[in-house]
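Take a look at the letters that make up each chain.
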Amino acid sequence: MFRGTGTALVTPFKDGAIDYPCWEKLIERQIEGGVEALIVLGTTGQAATLSRPERDEAVRFALSRVSGRVPVIIGTGTNCTASTIELSQSALELGADGILVVTPFYNKPTQDGLFEHFAAVARAARGKIILYNVPGRTGCNMSPATVLRLATIENIVGVKEASGNQFACDDLIRRLRVVRPDFKVFSGNDDQAFHLVCSGGDGVISVLSNLMPRETSDMIRAALAGRLEEARDMHLKLLPLMKDLFVESNPIPVTYTLARLGLCKNELRLPLVPAAKASEMLLDADLAEQDLLS
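For clarity, every value in this text was computed on a predicted model and none was experimentally measured.

Remarks on the side chain of Ser187
Then, number 1: Relative to the helices and strands, Ser187 is located in strand E9 (residues 184-187).
Then, number 2: On the accessibility criterion, Ser187 (3% relative accessible area) is buried.
Then, number 3: Other than its neighbours up to four places away in sequence, Ser187 contacts Glu161, Gln192, Ala193, Leu196, Gly203, Val204 and Ile205.

Below you can see the structure in the form of structure tokens.
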């Protein structure tokens with residue numbers, strides 16, 4: 001799929017609709033910033049608030065604007081296996097390079113249920129699949145043992161790991177080296193990406209890179225190349241902003257900061273609302289520290 005930085009791309013809105021002229025500029029900014037992939041219609045893209053026609057239009061638009069310059073991976077996970085299969089097949093038929101499939105939320109399946117869910121999607125979708133483990137949002141944690149079981153399925157090619165459990169990530173990477181060395185492990189948390197790459201991971205699916213694509217991708221490439229002191233210095237410089245982009249639920253803070261830089265409107269879809277004043281002040285200080293405010 002890719003190795004390095006994949007941006008979990010914001011979906012910009014204006015007056016209730018997707019702001020396609022703005023989105024095109026954001027896409028170009030990412031590619032010019034050197035990221036290795038774009039992840040469209042994930043959590044950061046507010047996929048859960050889009051209708052099916054909006055989703056299809058958004059996928060077509062993103063693919064046409066990227067035009068093969070970097071892989072485009074579409075978020076297709078839901079808490080219904082049949083719906084996930086339908087969205088996954090559609091995204092791949094429209095030309096997506098792969099799909100990102102989150103663990104089913106709310107249902108709280110067992111580990112066997114998670115295996116059967118992803119195995120069914122893999123059989124039906126027949127495209128490259130990245131698993132997505134984010135228990136803080138789904139209420140469901142996928143164990144390293146389950147990921148290892150799923151790694152035996154050829155078209156499941158990687159995992160975005162956002163459990164926050166660094167030991168589990170390290171253990172998974174260690175065990176994958178034996179059973180599936182080509183299987184990619186990406187950090188789903190910007191603040192743990194440096195550590196994951198140092199442990200043998202393959203990069204990050206990033207929120208921060210919406211704001212700072214060049215800096216984020218340079219940091220990850222330095223870590224992957226073994227230039228650890230250089231990568232560590234960049235990680236530590238970016239760390240306060242990495243943390244504060246989650247001061248409220250993602251993508252509330254990143255949308256505010258993009259708007260603060262004049263890159264999109266500070267508009268979200270319910271049930272999300274714009275950041276509180278205290279959060280804005282905190283984020284403004286972070287942007288100033290990174291010399292992003294004129």
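With respect to the packing of aromatic side chains
Then, number 1: Taken as a whole and judged by the stated rule, the model has four aromatic pairs.
Then, number 2: An angle of 55° between the planes, with centres 6.1 Å apart, marks the rings of Tyr20 and Trp23 as tilted. Taken together, the positions of Tyr20 and Trp23, both in helix H1 (residues 20-32) and three residues apart, correspond to about one turn of that helix. Neither residue differs from the other here; Tyr20 and Trp23 are each classed as buried.
Then, number 3: Each member of the aromatic cluster is reached from another via a ring pair, and the members are Tyr20, Trp23 and Phe61.
Then, number 4: Here the basic side chain of Arg149 rests over the ring of Phe115, its NZ or CZ set 3.9 Å away from the ring centre.

Here we look at the UniProt feature "binding site: pyruvate" (unreviewed entry) in the protein
Then, number 1: The sites that carry the UniProt feature "binding site: pyruvate" (unreviewed entry) are, in the present numbering, Thr44 and Ile205. The greatest C-alpha distance among the residues just named is 10.7 Å, despite their covering 162 residues of sequence, which places them together in space.
Then, number 2: Within the element layout of this structure, Thr44 appears in the loop between strand E4 (37-40) and helix H2 (52-66).
Then, number 3: Beyond its immediate chain neighbours, meaning those up to four positions away, Thr44 contacts Ala8, Leu9, Val10, Thr11, Val207, Asn210, Asn250, Pro251 and Val254.

Concerning the UniProt feature "site: Part of a proton relay during catalysis" (unreviewed entry) in the protein
Then, number 1: Mapped onto this structure's residue numbering, the UniProt feature "site: Part of a proton relay during catalysis" (unreviewed entry) falls at Thr43 and Tyr106.
Then, number 2: Structurally, Thr43 can be placed in the loop between E4 and H2.
Then, number 3: A relative accessible area of 25% means that Thr43 is categorised as partly exposed.
Then, number 4: Aside from chain neighbours lying at most four places away, what touches Thr43 is Tyr132, Arg137, Asn250 and Pro251.

With respect to the pairing of strand E10 (residues 203-206)
As a general feature of sheets, a regular strand has side chains that alternate between the two faces.
Then, number 1: Burial along E10 is two-sided: the residues Gly203 and Ile205 and Val204 and Ser206 are all buried.
Then, number 2: Pairing between E9 and E10: two bridges, direction parallel. For Phe186, the partnering residue across the bridge sits in E10 and is Gly203.

What about the pairing of strand E6 (residues 98-102)?
Then, number 1: Summarising burial for E6: five of the five residues are buried, a large majority.
Then, number 2: What you see with E6 is no split at all: Gly98, Leu100 and Val102 on one side and Ile99 and Val101 on the other are buried throughout.
Then, number 3: Strand direction decides the pairing type here: strand E5 (residues 72-75) and E6, joined by three bridges, are parallel. Paired with Gly75 across the bridge in E6 is Leu100.
Then, number 4: Each parallel crossover has a hand, and the one from E5 via helix H3 (residues 81-93) to E6 is right-handed.
Then, number 5: Across four bridges, E6 lies against strand E7 (residues 129-133) in parallel orientation. Pairing of Leu100 across the sheet is with Ile130, part of E7.

A word on unusual backbone geometry
Then, number 1: Note the cis peptide between Asn250 and Pro251, where omega equals 10°.
Then, number 2: Examined against the element boundaries, Pro251 turns out to sit in the loop between helix H10 (228-244) and helix H11 (252-260).
Then, number 3: Its identity is not glycine, yet Ser67 carries a phi of approximately 55°, on the positive side.
Then, number 4: One can find Ser67 in the loop between H2 and E5.
Then, number 5: Positioned with a positive phi, Arg126 is a non-glycine residue whose angle comes to about 55°.
Then, number 6: Relative to the elements of secondary structure, Arg126 occurs in the loop between helix H4 (111-125) and E7.
Then, number 7: For Arg126, a relative accessible area of 72% corresponds to the exposed category.

About the thresholds
Residues numbered from 1 in each chain as written. Predicted model: local features only at pLDDT ≥ 70, side-chain atom pairs only at ≥ 80, totals over all residues. Heavy atoms only, no water. Helix = DSSP H or I, 4+ residues; strand = E, 2+ residues; numbered from the N terminus. Buried < 20%, exposed > 50% of the residue type's maximum accessible area, 1.4 Å probe, protein only. Contact = heavy atoms within 4.5 Å. Phe/Tyr/Trp six-rings, centres within 6.5 Å; stacked < 30°, edge-to-face > 60°. Lys NZ or Arg CZ within 6 Å of the ring centre and 35° of its normal. UniProt positions renumbered as here; feature names shortened; annotations may be inferred. Pairing = 2+ DSSP bridges. Right-handed = clockwise from strand over helix to strand, strands pointing away.

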